[in-house]
Structure formats: C-alpha cells, structure tokens
Amino acid sequence: MEYFVYGRDRVGGYDVKVNLNEEHWAFMDRYAEELVARGPTLTADGEETTGSLHIVDLPDDEAVNTFAYDEPYYRAGAFDSIQIHRFCKHVGTTMWDFANAVEGYNRYLVITQDEPRPLTSPHLIMYGDLLSLDAGKHLGRAALVEAPEPQAAATLVEAPDAEVFPWEFGGRR
C-alpha cells in the first residue's frame, strides 16, 4: 500500500535538518526498497528546505506511522505538521524512472483538494489521489511535475488554485 508522507518545516526547521542529515539518511536507507518518490520542497531561491516528501510502499497504517514518527527530523521537531495519506498512484513507475527531463525546467510538488481526474503529460513524474487512511474518503491529488515555473506546474495538473512547492529529487548524492 502506498502512502504520501509530507512534513512541512517549522520556522528554524531547516537548521535542525542540516544537523541531522546523516541520521536521516541512515533511517531512510532502511526503506530504500520501499521508496517510490522522495525529496525536499524548497524556498523559491532553492537555498533552504520548506518540507520533506516521501511516497513509500508499506504494508499498513502502523508501518507508515513508524516511518513518519520515528524519522529523525520529526523526532527533533523540524516539522510544523505532517500529512499522511494513502496514495493511489496513477503511473506505474517511480521517480527514478522519469526520463523526460527538460533543460531549464524546474521540479514541483503540486497538492490540490479537488476531485480525481486523469492526467497525461510527459512532464508528470508521479501523480495520484490522496485518500484518508481508512481509504474511504478522497482528499485531493498530489503530483510531482517538471515545468518552467510554478503556475505552469499548476496548469499541467489542471488545478490553478493548487499549492505548488519547488521540489527536487531526494536521496543520497
């Protein structure tokens, strides 16, 4: 079962995360095979993080709670909030399969609260529905996209009022 886990940084959270990078990496290494997508959201200038996104394939809600709440950034108080949803992916790939990178385009996380709709674009890296943990309620959509600027990312997802965050591929460099 796939889950969308997004921790939004609190004020000062970036500094907490910088000090815990190695502990974070060691924790994430334990989930390397289960990760479908990962990476930080960033300030507009790309200098600091604003959050941490993971889409992870885990057996159940208990496992995702362990993943989210035992993670070193969370335990140290780097996040103001954490969103955990089931994720119904509409592409059969992981972010590492994305092969349509366009020079000069940026990557974005787009979160909407609207109804499901089919999307196709060579600029979609990952796309799916956000569901309540009991999978009974549709809560919105999330997409990882490549676009020239934030408004183009929202347009690609057909959601002009969406939250759009600069994002980059995560993982050890």
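Residues numbered from 1 in each chain as written. Predicted model: local features only at pLDDT ≥ 70, side-chain atom pairs only at ≥ 80, totals over all residues. Heavy atoms only, no water.

In the nomenclature of an unreviewed UniProt entry, the chain is known as YCII-related domain-containing protein of Kribbella pittospori. Listed under Sequence similarities (unreviewed entry) in UniProt, the entry text for the chain is "Belongs to the YciI family." (UniProt positions renumbered as here; feature names shortened; annotations may be inferred.)

Chemist: Give a detailed account of the overall build of the chain, specifying residues and quantitative values.
Modeler: When you go through the chain residue by residue, the secondary structure sums to five helices and eight strands. Helices and strands in the chain line up, N terminus first, as β-α-α-β-β-α-α-β-β-β-β-α-β. Relative to a compact globule of 173 residues, whose C-alpha radius of gyration would be 16 Å, the chain shows 15 Å and is just as compact. Viewed in the frame of its principal axes, the chain has a C-alpha envelope of about 40 × 35 × 30 Å. Counting the 173 residues in the chain, one finds 48% classified as buried. Total accessible area on the chain is roughly 8600 Å²; 48% of this is exposed by carbon and sulfur atoms. Here the chain holds 14 positive side-chain charges and 30 negative ones, and the gap between their average locations is 2 Å. (Helix = DSSP H or I, 4+ residues; strand = E, 2+ residues; numbered from the N terminus. Rg over C-alpha atoms; globule rule 2.2 N^0.38 Å. Buried < 20%, exposed > 50% of the residue type's maximum accessible area, 1.4 Å probe, protein only. Areas by Shrake-Rupley, 256 points an atom, 1.4 Å probe, with all protein chains shown as cover. Lys, Arg positive; Asp, Glu negative; His and termini not counted. Charge placed at Lys NZ, Arg CZ, Asp CG, Glu CD.)

Chemist: Report on the sheet that holds strand β3 (residues 49–57), specifying residues and quantitative values.
Modeler: Across the sheet, which stays open at both edges, the eight strands sit in the order β2-β3-β1-β4-β6-β7-β5-β8 with antiparallel pairing between neighbours. The open sheet has two edge strands, β2 (35–42) and β8 (163–166), and neither has a second partner. In this sheet, adjacent strand axes meet at a mean angle of 25 degrees when their direction is disregarded. On the sheet, helix α2 (residues 21–29) packs against β2 and β3 and is oriented at approximately 160 degrees with respect to β2. Here helix α3 (residues 61–69) sits on the sheet in contact with β1 (2–9), β2, β3 and β4 (79–89), set at roughly 145 degrees to β4. (Pairing = 2+ DSSP bridges. Axes fitted to C-alpha atoms, helices over the stretch in contact; angles between N-to-C directions. Contact = heavy atoms within 4.5 Å.)

Chemist: Explain the environment of isoleucine 84 to me, using residue names and the numbers behind them.
Modeler: Tracing the backbone through its elements, the reader meets isoleucine 84 in strand β4. It is 14 Å that separates the C-alpha atoms of isoleucine 84 and arginine 38, two residues lying 46 residues apart in sequence. Apart from the residues within four sequence positions on either side, isoleucine 84 is in contact with Phe4, Val5, Val64, Asn65, Ala68, Tyr69 and Leu133.

Chemist: Could you give an account of the packing of aromatic side chains, with specific residues and numbers?
Modeler: Applying the stated criterion across every chain, the model contains nine aromatic pairs. Ring centres 4.8 Å apart and planes at 85 degrees place the aromatic pair tyrosine 31 and phenylalanine 67 in the edge-to-face group. Taken together, the residues span a long stretch of sequence, with tyrosine 31 in the loop between α2 and β2 and phenylalanine 67 in helix α3 at a distance of 36 residues. Across the pair, exposure class does not vary: tyrosine 31 and phenylalanine 67 are buried alike. An aromatic cluster of three or more residues is present, and its members are Phe4, Tyr6, Phe87 and Phe165. The ring of phenylalanine 169 carries arginine 107 above its face, with NZ or CZ at 4.0 Å from the centroid. (Phe/Tyr/Trp six-rings, centres within 6.5 Å; stacked < 30°, edge-to-face > 60°. Lys NZ or Arg CZ within 6 Å of the ring centre and 35° of its normal.)

Chemist: Summarise α3; cite the residues concerned and give the values.
Modeler: Structural remark: α-helix, 3.6 residues per turn; residues separated by three or four positions point the same way. Buried residues of α3: Ala63, Val64, Phe67 and Ala68, and no others. Down the axis of α3, the buried side of the element spans an arc of 130 degrees, and every buried residue falls inside it. Lining the buried residues of α3 we find β1, α2, β2, β3, α4 (72–75) and β4. At the N-terminal boundary of α3, the capping side chain belongs to aspartate 60, with an oxygen 3.2 Å from the backbone nitrogen of glutamate 62. (Arc of directions from axis to C-beta. Polar contact = N/O pair within 3.5 Å; in protein donor to acceptor, adjacent residues only side chain to side chain.)

Chemist: Break down the UniProt feature "domain: YCII-related" (unreviewed entry) in the chain for me, with residues and values.
Modeler: Mapped onto this numbering, the UniProt entry annotates "domain: YCII-related" (unreviewed entry) at residues 1–87. Annotated as 33% helix and 39% strand, the span residues 1–87 places its first and last C-alpha atoms 8 Å apart.

Chemist: Hey, could you go over empty space enclosed by the protein for me, with residue numbers and the actual values?
Modeler: Counted under the stated rule, the structure contains one cavity of 30 Å³ or more. Listing elements by their share of the lining of the largest cavity, those giving two or more residues are β1, β3, α3 and β4. (1 Å grid on protein atoms, 1.4 Å probe; cavity = no way out; pocket = protein on both sides within 12 Å on 5 of 7 lines; lining within 4 Å. Points joined across faces, edges and corners; volume = space filled by probe spheres on them.)

Chemist: Pulling in residues and values, what's your account of the side chain of threonine 41?
Modeler: Mapped onto the elements of the fold, threonine 41 is located in strand β2. Given the relative accessible area of 0%, threonine 41 is considered buried. A distance of 2.8 Å separates a polar atom in the side chain of threonine 41 from a polar atom in the side chain of tyrosine 6. If near-sequence neighbours (up to four positions away) are discounted, threonine 41 is found in contact with Tyr6, Glu48, Thr49, Thr50, Gly51, Ser52, Leu109, Phe165, Pro166 and Trp167.

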